[in-house]
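Read off the chains here:
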Amino acid sequence: MLKRTHDCGSLRIEDAGKTVTLAGWVNSYRDHGGVIFIDLRDREGLTQVVFHPEHADAHKLASSLRDEDVVAVGGTCMKREAGMENPKLPTGAIELDALHVEILNKAQTPPFRPFDAPKVSEDKRLKYRYLDMRSGRMQHILRVRHRVTKIVRDYFDAHGFYEIETPVLCRSTPEGARDYLVPSRLAPGSFYALPQSPQLFKQVLMASGVERYLQIAKCFRDEDPRADRQAEFTQIDVEMSFVEQEDVMAMTEGMVRRVWKEILDVDVPPVRRMGYAEAVGRYGSDRPDLRFALELVDVSDIAKQTDFKVFTGTLEKGGLVKAIRVPGGGSLSRKQTDELAEWVKQFGAGGLPVTKIEGGKLTTGISKFLEPVTAPLIEKLGAADGDLICFGVDAKSTVVHRVLGELRLRLARELGLIDKSRWEWVWVVDFPAVEWNDEQKRWDSLHHPFTAPFAEDLDKLASDPASVRSQAYDLVVNGVELGGGSIRIHRPEVQQKVFSLLGIDEEAAKAKFGFLLDALRYGAPPHGGLAFGLDRMVMLLTGTDSIRDVIAFPKTQMGADLMTEAPAPVDDAQLRELSLRVALATKKPAAV
Ligand code: ASP
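Described below are features of the structure shown in this document.

What counts and what doesn't
- Residues numbered from 1 in each chain as written.
- Predicted model: local features only at pLDDT ≥ 70, side-chain atom pairs only at ≥ 80, totals over all residues.
- Heavy atoms only, no water.
- Pairing = 2+ DSSP bridges.
- Helix = DSSP H or I, 4+ residues; strand = E, 2+ residues; numbered from the N terminus.
- Polar contact = N/O pair within 3.5 Å; in protein donor to acceptor, adjacent residues only side chain to side chain.
- Axes fitted to C-alpha atoms, helices over the stretch in contact; angles between N-to-C directions.
- Parallel < 35°, antiparallel > 145°, perpendicular 65-115°, else oblique.
- Left-handed = near helix turned anticlockwise from the far one by under 90°.
- Contact = heavy atoms within 4.5 Å.
- Nonpolar A, V, L, I, M, F, W, Y, C, P; charged D, E, K, R; others polar.
- Expected span 1.5 Å × (residues − 1).
- Buried < 20%, exposed > 50% of the residue type's maximum accessible area, 1.4 Å probe, protein only.
- Salt bridge = Lys/Arg side-chain N within 4 Å of Asp/Glu carboxyl O.
- Phe/Tyr/Trp six-rings, centres within 6.5 Å; stacked < 30°, edge-to-face > 60°.

**Overview of the pairing of strand E5 (residues 94-105)**
Alright, step 1. Both strand E3 (residues 45-51) and E5 contribute to a ladder of two bridges, which runs parallel. Bridging from a neighbouring strand, Val49 pairs with Leu96 of E5.
Alright, step 2. The pairing of strand E4 (residues 70-79) with E5 spans 10 bridges and is classified as antiparallel. Among the inter-strand pairings, Cys77 is bridged to a residue of E5, identified as Leu96.

Shown next, in the form of structure tokens:
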């Protein structure tokens, strides 16, 4: 076999005259009346190869080449003729004048060419993932992902973290999603769960004296299909002993700073903090996108002075009226604002009162009700001509915030108010420890049950749970929650109190988390940590909005791997070994 001397992305004008051998895939083929050109591709790039009829053997073989054949070509690196350079290619100043060619593998006509992948349906790309991944775009993403994990490992290694693997076959873990279950052959009728995160193991590692732990960990959550979810995803999982909240935040912020610098050459400034209440109050979300304003402003006191029943009736019920001013939103038609009013209903709104400002006056929408409060309203919102003002009105503040929070994102996107070149970072802190689950009539933890409340709030756990804040923190960038974590409870009696609040009695706690409670009892240090979504991080760094693009072998929204056709039925013999029998309502397994 011809031995490769260079990759397809590295030859430059300085290499002209050298004898070289390249190997790769035929990216394209052109026959220019006797002279044959191919673009040869490997993961590093493309090089033009020329076959002249004078080199008869090579030329003859070249004439049989087709897309995606795998070849090795030896010859001379030549400066391209003047005017024939391709400035778009790093190798565009040279070409390889081929003397020998060896066909390493003929390819059947592929269902699509790698560089055509963006025009191909995603199902087809996923079925023939190896063709898809040969494209420059996918190779770039794979490279960035590799580099990110390398930078992360080096960073934490330099700070004394040990990388430790935790089990994939384990007991159910408590992140709140549905578990994937694996039947046990040796204990018929019993099941392992795949970890939703290594949460409990990393806490036990702290009790084990490890002090600083890192893992690039696969996590599994059987959640309902959603575009940005994957059944299995990867976390950068971190835990530290003898630390407080600020220590974990500083350590992990440093990691993000290193990654953004090395991958994008972007400097991450010291990240500001924002309390949960402020984030939700001003931006309608606990992961606020701070690249644009459209802030939520409480106008209840102004709304109270109007005769608009929707406002006054809601306020009498103890509700809330908030408004956002949308610069340039005055250009939206009645039809468009009516459509928005329909759209917000999915978030619980009854409707969406709006008005516009023209010539210093409120016009359209509910302007006639607002006339007496025009001046204070315009002043409070800092509104100007051409603006649209939208109101969120509801007896429940959660509804007002959700509605205006979603509206804010949609309008910013549609009106082009987002500066895509900006990175806006924020640590969201001071989360409530628990929230009331109205459907199930119980308290749920906002993070997970192992998150430590602030010491000064502990005595309110029983009397006023809603006011208890937890030592939890989320790192948010451009409205995306990149990571989240907390200081953990390290005293068994506090853990038991929190369990009780969540309706997990002593017996249930012992059955589910007995090992953790034991570990806490035998001397666990104060500890805390955080987990970053690696997939999301790579999405941000490569500018893709599909999580499937950053995972080599992803699953569809329905959880199917279209290449291997998993999940799939299994043999009766396998089931027998597991002491299982499948009893489905329909005979056939559901199509995925
Ligand atoms: N285990 C948590 C999660 O997966 C993260 C953490 O608290 O470290 O969301």
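Still to come is the rest of the account.
**Observations regarding the environment of Thr374**
Alright, step 1. Structurally, Thr374 is set in helix H12 (residues 374-381).
Alright, step 2. Only 2.7 Å separates the side chain of Thr374 from the backbone oxygen of Glu371, close enough to count as a polar contact.

**As for the packing of helix H15 (residues 492-501) against helix H16 (residues 506-521)**
Alright, step 1. With their axes 10 Å apart at the nearest point, H15 and H16 run at an angle of 155° to one another. With respect to each other, H15 and H16 are oriented roughly antiparallel. Relative to H16, H15 is oriented so that their crossing is right-handed. From H15, Pro492, Gln495, Gln496 and Phe499 reach across to H16, where they touch Glu506, Ala509, Phe513, Leu517, Leu520 and Arg521.
Alright, step 2. A per-class count over the contact of H15 with H16 returns six nonpolar, two polar and two charged.

**Side note on the packing of helix H10 (residues 334-343) against helix H13 (residues 397-414)**
Alright, step 1. The contact between H10 and H13 brings their axes to 11 Å, and the two run at 140°. Compared by their axis directions, H10 and H13 come out oblique. Read as a crossing pair, H10 and H13 show a hand that is right-handed. In this structure, H10 uses Glu339, Leu340 and Trp343 to contact H13, whose residues at the interface are Glu406, Leu407, Arg410 and Leu411.
Alright, step 2. Of the residues that constitute the contact of H10 with H13, the class distribution is four nonpolar, no polar and three charged.

**Considering H13**
Alright, step 1. With 18 residues, H13 extends 26 Å from end C-alpha to end C-alpha; this agrees with the ideal 26 Å at 1.5 Å per step.
Alright, step 2. Those residues of H13 lying buried are Val399, Val400, His401, Val403, Leu404, Gly405, Leu407, Arg408, Arg410, Leu411 and Ala412.
Alright, step 3. Buried residues belonging to H13 abut helix H7 (276-283), strand E13 (320-326), H10 and strand E16 (388-394).
Alright, step 4. Phi for Gly416, located one or two positions after H13, is positive at around 65°.

**Section: the pattern of salt bridges**
Pairing is possible between side chains of opposite charge, provided their charged atoms come close.
Alright, step 1. Applying the stated criterion across every chain, the model contains 48 salt bridges.
Alright, step 2. Between Arg145 and Asp535 there is a salt bridge, with the nearest N and O atoms lying 2.7 Å from each other. Separated by 390 residues along the polypeptide, Arg145 in helix H4 (residues 136-158) and Asp535 in helix H17 (residues 534-542) bring together distant segments of the chain. Of the two residues, Arg145 and Asp535, neither departs from the other in class, the shared state being buried.
Alright, step 3. Put simply, Asp457 and Lys460 hold a salt bridge, and the shortest N to O gap is 3.7 Å.
Alright, step 4. Overall, the relative accessible area of 29% leaves Lys460 in the partly exposed class.

**Remarks on the packing of aromatic side chains**
Alright, step 1. Here the structure, examined in full by the defined rule, presents 16 aromatic pairs.
Alright, step 2. Ring centres 4.8 Å apart and planes at 75° place the aromatic pair Phe308 and Phe311 in the edge-to-face group. The exposure classification of Phe308 matches that of Phe311, with both residues buried.
Alright, step 3. Summarising the aromatic geometry, the rings of Trp436 and Trp443 are spaced 5.1 Å apart at their centres and angled 70° between planes, so their arrangement reads as edge-to-face.
Alright, step 4. Residue Trp436 is classed as partly exposed on the basis of its relative accessible area of 42%.
Alright, step 5. Aromatic rings pair up to connect Phe308, Phe311, Phe369 and Phe391 into one cluster.

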